[in-house]
Amino acid sequence: MTHADLQLDWLRAFVAVVDGGSLSAAAPLVHRSQPAVSMQIRKLEDAVGRAVLLRGPRHLELTPTGTELLGYARRMLALHAETLEALHGPVLSGRVRLGVPDDYAVSYLSPVLRSYAARHAGVEIELDCEQSTSLIPKVQRGEIDLALISRDKATRGTLLFHEPLVWVGAPRFEVWRRDPLPIAVYEATSLARRSTIAALTAQRRAYRVVYNSSSLAGQLAAVESGLAVAVLTRCSAPAHLSILGEKQGLPALDFMDVALYRSQASRHLPAVDALFEQMVQTLSAKAPGSPG
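For clarity, every value in this text was computed on a predicted model and none was experimentally measured.

Rules behind the numbers
- Residues numbered from 1 in each chain as written.
- Predicted model: local features only at pLDDT ≥ 70, side-chain atom pairs only at ≥ 80, totals over all residues.
- Heavy atoms only, no water.
- Helix = DSSP H or I, 4+ residues; strand = E, 2+ residues; numbered from the N terminus.
- Buried < 20%, exposed > 50% of the residue type's maximum accessible area, 1.4 Å probe, protein only.
- Areas by Shrake-Rupley, 256 points an atom, 1.4 Å probe, with all protein chains shown as cover.
- Lys, Arg positive; Asp, Glu negative; His and termini not counted.
- Charge placed at Lys NZ, Arg CZ, Asp CG, Glu CD.
- Axes fitted to C-alpha atoms, helices over the stretch in contact; angles between N-to-C directions.
- Parallel < 35°, antiparallel > 145°, perpendicular 65-115°, else oblique.
- Left-handed = near helix turned anticlockwise from the far one by under 90°.
- Contact = heavy atoms within 4.5 Å.
- Nonpolar A, V, L, I, M, F, W, Y, C, P; charged D, E, K, R; others polar.
- Core = buried A, V, L, I, M, F, W, Y, C linked by side-chain atoms within 4.5 Å.
- Expected span 1.5 Å × (residues − 1).
- pLDDT = per-residue confidence, 0-100.
- Right-handed = clockwise from strand over helix to strand, strands pointing away.
- Pairing = 2+ DSSP bridges.
- Phe/Tyr/Trp six-rings, centres within 6.5 Å; stacked < 30°, edge-to-face > 60°.

## Regarding the overall build of the protein chain
In terms of regular secondary structure, the protein chain is built from nine helices and 11 strands. When its C-alpha atoms are laid out on the principal axes, the protein chain stretches across 70 × 45 × 40 Å. A buried classification covers 44% of the 292 residues belonging to the protein chain. For the protein chain, the exposed surface amounts to about 15,400 Å²; the carbon and sulfur share of it is 53%. Both charge centroids of the protein chain, one from 31 positive and one from 28 negative side chains, sit 4 Å from each other.

This is how it looks when you write it as structure tokens:
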């Protein structure tokens, strides 16, 4: 069975209507008249075979088909824009100094860097892997251009997504049964450490810090050897460790607000602009641990 191709102009009009909330608001966004936008939507619906928008008394609403289509439409338009930029955009050069904590590097940064390097081969990326509490002052001093951080203030950087914190333990040791609870923690300024202590205190659960390390590798070593349980970001919890929770008598934990923090000194650097925009677009779309 063959289906009609979906034209980019139709998808562009569809996204504009959704973002604008009406046909009239969408028209200037796509540089067309309101009747022309309406015609594009009609052609899209003919190609799909179902309605994508319902005209309510005050505004347009997405149908289930429209809701499903919207995500694909945004991705197709983004890929088209990325292709045009790669083929016809400016050739960038220079250096970008980028900071990221260990636990976010593999899960979130690797795909972005692969794509960026392919598009901008003339840009050198200098990577600094440290905890957010160390990266934030480096960005403020201009020693780093960009940093992916767990933010300590609601106004710090550009919010990308929420990353869950989870308890982890080695199943063969069942350390979580001990009293007081032995825990491995990051350095004193760590947001994950603060969340861990606050949750245990609120639960009135007795605990004992038996291992202190600023690195993810150190936390994993403590857990895998049966010394302690630890609190990690969900993306960094390896499959061979158990995710613990209420069944093991452990308290619920907060989310980390993951943000992209940029130095003032890098505001007019095109290579940094390009990486900033790509990280925001790519990582905001993932929204890995959004609480809703």
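## Some points on the packing of helix H1 (residues 8–20) against helix H3 (residues 34–48)
Where H1 contacts H3, the axes come no closer than 8 Å and their chain directions differ by 115 degrees. Viewed along their axes, H1 and H3 adopt a mutual orientation that is roughly perpendicular. Considering only the axes of H1 and H3, their crossing is left-handed. Residue-level contacts link Asp9, Trp10, Leu11, Ala13, Phe14 and Val17 of H1 to Val37, Gln40, Ile41, Lys43, Leu44 and Ala47 of H3. For the contact of H1 with H3, the residue count by class is nine nonpolar, one polar and two charged.

## As for the nonpolar core
Grouped together as the largest cluster of nonpolar side chains are 56 residues, with contacts concentrated most on Leu148, Trp167 and Met279. Look past the residues within four positions of leucine 148 in its chain and what remains in contact with it is Gly99, Val100, Pro101, Tyr104, Tyr108, Leu135, Leu160, Val258, Ala259, Leu260, Met279 and Leu283. Val15, Ala16, Val30 and Ala73 belong to the second largest nonpolar core, which has 22 residues in total.

## Structural notes on H3
Along its 15 residues, H3 runs 21 Å from first to last C-alpha, staying within 8% of the 21 Å computed at 1.5 Å per residue. Looking at the packing, one finds that the buried side of H3 touches H1, helix H2 (23–29), strand E1 (53–55) and helix H4 (64–88). Remark: glycine 49 follows H3 within two positions and exhibits a positive phi of approximately 90 degrees.

## Re the confidence of the model for the protein chain
The predicted model of the protein chain has a mean per-residue pLDDT of 89, with 95% of residues at 70 or higher. The low-confidence segment residues 287–292 (pLDDT under 50) makes 11 contacts with residues lying over four places distant or belonging to another chain.

## Describing the pairing of strand E3 (residues 94–100)
Within E3, five of the seven residues are buried, leaving the element largely enclosed by the surrounding structure. In terms of handedness, the path from E3 via helix H5 (residues 102–119) over to strand E4 (residues 123–129) forms a crossover that is right-handed. Strand direction decides the pairing type here: E3 and strand E5 (residues 146–150), joined by two bridges, are parallel. Residue pairing for E5: leucine 98 is matched across the bridge by leucine 146.

## Quick look at the packing of aromatic side chains
Between two aromatic rings, the relevant description is the distance of the centres plus the angle of the planes. The tally for this structure, following the rule as stated, stands at two aromatic pairs. For the ring pair tyrosine 104 and tyrosine 108, a centre distance of 6.2 Å and an interplane angle of 50 degrees mean the geometry is tilted. Of this pair, tyrosine 104 and tyrosine 108 both sit in helix H5, separated by four residues, roughly a single helical turn. For the pair shown, tyrosine 104 and tyrosine 108 are each scored as buried. For the pair tyrosine 108 and phenylalanine 161, a centre-to-centre distance of 4.8 Å together with 55 degrees between the ring planes defines the contact as tilted. Here phenylalanine 161 lies in strand E6 (residues 158–169) and tyrosine 108 lies in helix H5, a separation of 53 residues in the sequence. On the accessibility criterion, tyrosine 108 (7% relative accessible area) is buried. We classify phenylalanine 161 as buried; its relative accessible area is 3%. Aromatic rings pair up to connect Tyr104, Tyr108 and Phe161 into one cluster.

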